[in-house]
Amino acid sequence: MTTALPATVHDFGGFASELYALQYPAAGQPELAKETARLLKAAGFAAHCDERRGLDHGAWVPLLHLLSEARVPVFQVSMPRNLSTRQALALGQALAPLRRQGVMLVASGSLTHNLYDYRQSGAPTATYAQEFAAWVRTAVLTKGVMQLLGYRAQAPHAQRAHPSEEHFLPLLVATGAVTDADAVTVLQGGISNGALSMESYAWGV
């Protein structure tokens, strides 16, 4: 997106009214966004620029916690539909040169994301979510890229943890942008509402 002043898009439903009042008034960065589109095209992705799109909740919610004052310019890169794990890794590799320019890449998803198992706050934690999250943590800490690429077949309870893949694939995008010199930090987020793991990882910080 090459929007100069992106709106805060509340693209979710059924939550408390207070969430719909939240705003993240960061400026965009159109020229850098266009450069990013060129990098993606050079890597074989069918990228195009959108001058009207705002920041959806996958962008502004994590940024609201990371950079709450919204003083850093932001632009969003949407993942293509039907992306494979290998394509997600390649997407991250295509974006990696931006890091040398001081650009922070935030790949936003959810370590587990089965809303069928969503429960009220305080519900017991589902064992499958714990086991899946533990497997992923081990793969990340040991730089097990091949394990992450094959997580659908190798990780315990992968199908249940992710009935669809769009919330897991950002981890592969982030992995693609990582260098061998990058140390990883685990940001423990716990498991909320019975089955939603909020664990995150940061490289090179």
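Scroll up a little and you will see the structure.
Just so you know, these numbers come straight off a predicted model, no measurement behind them.

Calculation notes
- Residues numbered from 1 in each chain as written.
- Predicted model: local features only at pLDDT ≥ 70, side-chain atom pairs only at ≥ 80, totals over all residues.
- Heavy atoms only, no water.
- Helix = DSSP H or I, 4+ residues; strand = E, 2+ residues; numbered from the N terminus.
- Buried < 20%, exposed > 50% of the residue type's maximum accessible area, 1.4 Å probe, protein only.
- Core = buried A, V, L, I, M, F, W, Y, C linked by side-chain atoms within 4.5 Å.
- Contact = heavy atoms within 4.5 Å.
- Polar contact = N/O pair within 3.5 Å; in protein donor to acceptor, adjacent residues only side chain to side chain.
- Patch = residues over 30% accessible without salt bridge, like charges linked within 9 Å, V, L, I, M, F, W, Y side chains within 5 Å.
- Areas by Shrake-Rupley, 256 points an atom, 1.4 Å probe, with all protein chains shown as cover.
- Salt bridge = Lys/Arg side-chain N within 4 Å of Asp/Glu carboxyl O.
- Arc of directions from axis to C-beta.
- Phe/Tyr/Trp six-rings, centres within 6.5 Å; stacked < 30°, edge-to-face > 60°.

Before going further, it helps to spend a moment on unusual backbone geometry. Phi at Asn82 is positive, roughly 55 degrees, even though this residue is not glycine. Mapped onto the fold, Asn82 is located in the loop between α2 (57-66) and α3 (85-95). By relative accessible area, which is 77% here, Asn82 ends up exposed.

Tyr24, Phe132, Val136, Leu148, Phe168 and Leu171 are the most contacted members of the largest nonpolar core, which totals 48 residues. Of all the secondary-structure elements, those providing two or more residues to this core are α1 (30-42), α2, α3, α4 (127-141), α5 (145-149), α7 (158-161), α8 (169-176) and β4 (200-203). The dominant element in this core, judged by the number of residues it contributes, is α4, at 7 residues. Those residues in contact with Tyr24, other than ones at most four positions away along the chain, are Thr8, Leu55, Trp60, Leu63, Leu64, Leu67, Ser68, Ala70 and Val74.

We now examine the side chain of Thr2. By secondary structure assignment, the location of Thr2 is in the segment before α1. In this structure Thr2 comes out as buried when scored by relative accessible area, which is 6%.

Our focus in this paragraph is the environment of Tyr151. Within the element layout of this structure, Tyr151 appears in helix α6 (residues 151-154). Separated by 45 residues in the primary sequence, Tyr151 and Leu196 have C-alpha atoms spaced 18 Å apart. Apart from the residues lying within four places of it in its own chain, the contact partners of Tyr151 are Thr85, Phe132, Trp135, Ala158, His162, Glu165 and Phe168. At a separation of 3.2 Å, a polar atom in the side chain of Tyr151 contacts the side chain of Arg152. A polar atom in the side chain of Tyr151 sits 2.8 Å from the side chain of Glu165.

Attention shifts here to a nonpolar patch on the surface. A cluster of nonpolar side chains, namely Phe15, Leu19, Leu22, Leu115 and Tyr118, defines an oily patch on the protein surface of about 440 Å² accessible area. With respect to the secondary-structure elements, Leu22 resides in the segment before α1.

Tracing the sequence through the fold places Thr36 in helix α1. Leaving out residues up to four positions away in the same chain, Thr36 has contacts with Phe75, Val77, Leu95 and Leu98.

Every buried residue of α2 is listed here: Ala59, Trp60 and Leu63. Angularly, the buried residues of α2 cover 80 degrees about the axis, an arc narrow enough to put them on a single face. Put simply, Asp56 is the residue that caps the front of α2, since its side-chain oxygen is 2.9 Å from the backbone nitrogen of Gly58.

Within the structure shown, the criterion is met by 7 aromatic pairs. Judged by centre distance (5.8 Å) and plane angle (85 degrees), the rings of Phe12 and Phe15 are edge-to-face. Judged by its relative accessible area of 46%, Phe15 is partly exposed. Note on Phe12 and Tyr20: the rings are 5.0 Å apart at their centroids and 45 degrees apart in plane angle, and the pair reads as tilted. Clustering of aromatic rings is evident, with ring pairs tying together Phe12, Phe15, Tyr20 and Trp60.

Read these as spatial facts, not as claims about activity.
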